[in-house]
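Okay, here's what each chain looks like letter by letter:
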Amino acid sequence: MTRPPRSSAPPTRAIEVRARVVPIATTIAGSATALLPIVVLSPAWPPFGLLMLLGWRLLRPEMWPAWIGLPLGLADDLLTGQPLGSGMVLWTLCLLMIDLLEVRLLWRDYWQEWLLASLAIAVVILGGWAIADWTGGRASVVLVLPQILVSILFMPLIGRLCAMLDRWRLATGKIRSD
Amino acid sequence: MKAPTRNRRPGFSRRAQYGLFLSYVVAVTGILVGLGLVIVAHVDPLGFAAIRGAALDVTAPVSSLGRGVVNGAVSVVDGIGAYIQAGSKNAAMARELDADRRALVHARILSLENARLRRMLHLVHDSPAPIAVARIIGSTGTSSRRLATLAAGTEDGVRPGLPVRSPEGLVGRVILSGLTASRVLLITDNASVVPVRLARGGMPALAAGRGDGSVEIRPLGAGNNPFHRGDIVLTSGTGGLYPPDVPVAVVLKRDGDVAIGWPLADPTRLDYAIVEKAYSGLPTPAPAAHAKP
């Protein structure tokens, strides 16, 4: 019995699975960075789950339907210990908002994407602050401003990371330049 | 420059149009469900304890693994600072040691006298036995709440509402417990209020968290601000829950009517914490002998 010649490319089925799983898994991994064993005094840790969501959404607008914010937001709530539902509501709202704005923009460039992401980050973090405030922890809004700033500055880096992961997840095999 | 996306406008395909419309319907419905969950969280902050406790149990080992590494890194930074200031620190510590020896002798005398007086009064000193001793393995870094994760859960007897302390001072109280992990509301959280008294003079006050690592100490009595920089506040035990005489914070500065303090149990350096029984206020008077049937 002769076997077909082994190709360096993974089978098509595996690529399809990888192409679907990688964005979701990396977003959840971003949320899971909140589990790192660091006890912080003020909310300074950027919400990497949200940043990954925005990174993927801006890179591949057609990849996810708008409701993807519901399961991913729920996972974020469970991992980061926010009140249940806050991530679901805010992430989905933010995806809908980007959909609405994207219809108006005909051509997007780097700066517009960063501005769009900054807007979304500010909305989600301030919304999360408002929900945490309403459900029992009265905090000054000044406390979350550094977090918004740090998250916005992290966004280009996350965009790069998403692009790298995107190349890997869709790669059908090794492409040699020589 | 990125070209406009075509897929958001599916053209004339009915199937694609319905699919897109349906995805928005699902998204909006989901938002409404999420809002419902938020309202439940507002009405009952401890709701869905089972789901959240289970998630906590699953994720706690991840945090617990790397804790030693982080502690090591913090110590290295502190160690470098200590070397730089070695000479002046040595002299200062020698002076402090002399003063402390005198204070220690004085304290021993006082504690002997205290024990004698207690025996005279037949007071039962109910030192609450610890329920569990566990590691603090993480905190909520992204949320504006200040909650820490403790590596002990209902299996070890940890229940919501129990006070948590460390050898240095008060840490907070348990608000959610899974099987093997629980969440602790730190005293620096905005929702935390601890009845305290000034160690010098016993003036009653309330220590409320400010969410940025410090606590606001608000005196209960009217009049001028009784606090000075360096004052230590202890729990008063008023109202139960927190046992009395646990150090809470040291006053950093006065700010109008209130004082800003820093918790003595520094949460970033916390390693082990002790979960104690809830303090039940004054010991209930023993039933009289003739009340027996």
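Residues numbered from 1 in each chain as written. Chains lettered and ligands numbered in written order. Predicted model: local features only at pLDDT ≥ 70, side-chain atom pairs only at ≥ 80, totals over all residues.

S.K.: Describe the pairing of strand β9 (residues 232-235) of chain B, and please don't skip the residues or the numbers.
M.R.: All names here are of chain B. In this structure, strand β6 (residues 193-198) lies alongside β9, joined through 3 bridges in antiparallel fashion. Bridging from a neighbouring strand, L198 pairs with V233 of β9. One ladder, built from 3 bridges, connects β9 with strand β10 (residues 247-255); its direction is antiparallel. The residue bridging L234 from the neighbouring strand is P247, located in β10. (Pairing = 2+ DSSP bridges. Helix = DSSP H or I, 4+ residues; strand = E, 2+ residues; numbered from the N terminus.)

S.K.: So what's going on with the sheet that holds β9 of chain B? Residues and values would help.
M.R.: Pairing between sheet strands relies on hydrogen bonds along the backbone, with the strands arranged either parallel or antiparallel. Taken together, 6 strands build a closed barrel; the order of strands is β6-β7-β8-β11-β10-β9 (chain B) and the barrel is antiparallel. Across this sheet, the average inter-strand angle for adjacent strands is 40 degrees, counted without regard to direction. (Axes fitted to C-alpha atoms, helices over the stretch in contact; angles between N-to-C directions.)

S.K.: Any chance you could break down the nonpolar core for me, citing the residues and the numbers?
M.R.: When a protein is soluble and globular, its nonpolar side chains tend to lie buried together. Judged by nonpolar contacts, the single largest core of 92 residues is most densely connected at L150, A207, I217 and V248 of chain B. Considering every element that reaches this core, the biggest residue donor is helix α5 (residues 110-134) of chain A, with 9 residues. Leave out the neighbours within four places in its chain, and A207 of chain B touches I187, V194, V196, V215, I217, V233, V248, A249 and G261 of chain B. (Core = buried A, V, L, I, M, F, W, Y, C linked by C-beta atoms within 7 Å. Buried ≥ 20, exposed ≤ 12 C-beta atoms within 10 Å, placed from the backbone. Contact = placed C-beta atoms within 7 Å.)

S.K.: An account of the packing of helix α4 (residues 86-104) of chain A against helix α1 (residues 14-43) of chain B is requested, with residue identities and associated values reported.
M.R.: Running from N to C, α4 of chain A and α1 of chain B cross one another at 150 degrees; their axes reach a closest spacing of 7 Å. The angle between α4 of chain A and α1 of chain B places the two elements in the roughly antiparallel class. Every pair of crossing elements has a handedness; the one defined by α4 of chain A and α1 of chain B is left-handed. Where α4 of chain A abuts α1 of chain B, its residues S86, M88, V89, T92, L93 and L96 of chain A lie against A27, G30, I31, G34, L35 and V38 of chain B. For the contact of α4 of chain A with α1 of chain B, a count of residues per class yields 8 nonpolar, 4 polar and no charged. (Parallel < 35°, antiparallel > 145°, perpendicular 65-115°, else oblique. Left-handed = near helix turned anticlockwise from the far one by under 90°. Nonpolar A, V, L, I, M, F, W, Y, C, P; charged D, E, K, R; others polar.)

S.K.: Please provide a residue-by-residue account of the sheet that holds strand β12 (residues 272-276) of chain B, values included.
M.R.: Residue and element names in this part refer to chain B. A barrel is described by the order of its strands in space; here 6 strands give the closed sequence β1-β2-β5-β4-β3-β12, paired in antiparallel fashion. Going from strand to strand, the sheet's axes swing by 45 degrees on average, the running direction of each strand aside. Across 2 bridges, the pairing between strand β3 (residues 163-165) and β12 is antiparallel. Of the residues in β12, the one forming a bridge with V164 is V275.

S.K.: So what about the environment of L126 of chain A? Which residues, and what values?
M.R.: Residue and element names in this part refer to chain A. Secondary-structure assignment places L126 in helix α5. Looking at L126, the number of C-beta atoms within 10 Å reads 15, which means it is partly exposed. Sequence separation between L126 and L90 is 36 residues; the distance between their C-alpha atoms is 9.8 Å.

S.K.: Let's hear about the pairing of β10 of chain B: which residues, and what values?
M.R.: All names here are of chain B. Bridge count between β10 and strand β11 (residues 258-263): 6 bridges; the pairing is antiparallel. Directly across from V251, in β11, lies its bridge partner G261. Taking the residues that link successive antiparallel strands as the turn, the β10-β11 hairpin has 2 residues, and the phi of G256 there is positive, at about 65 degrees.

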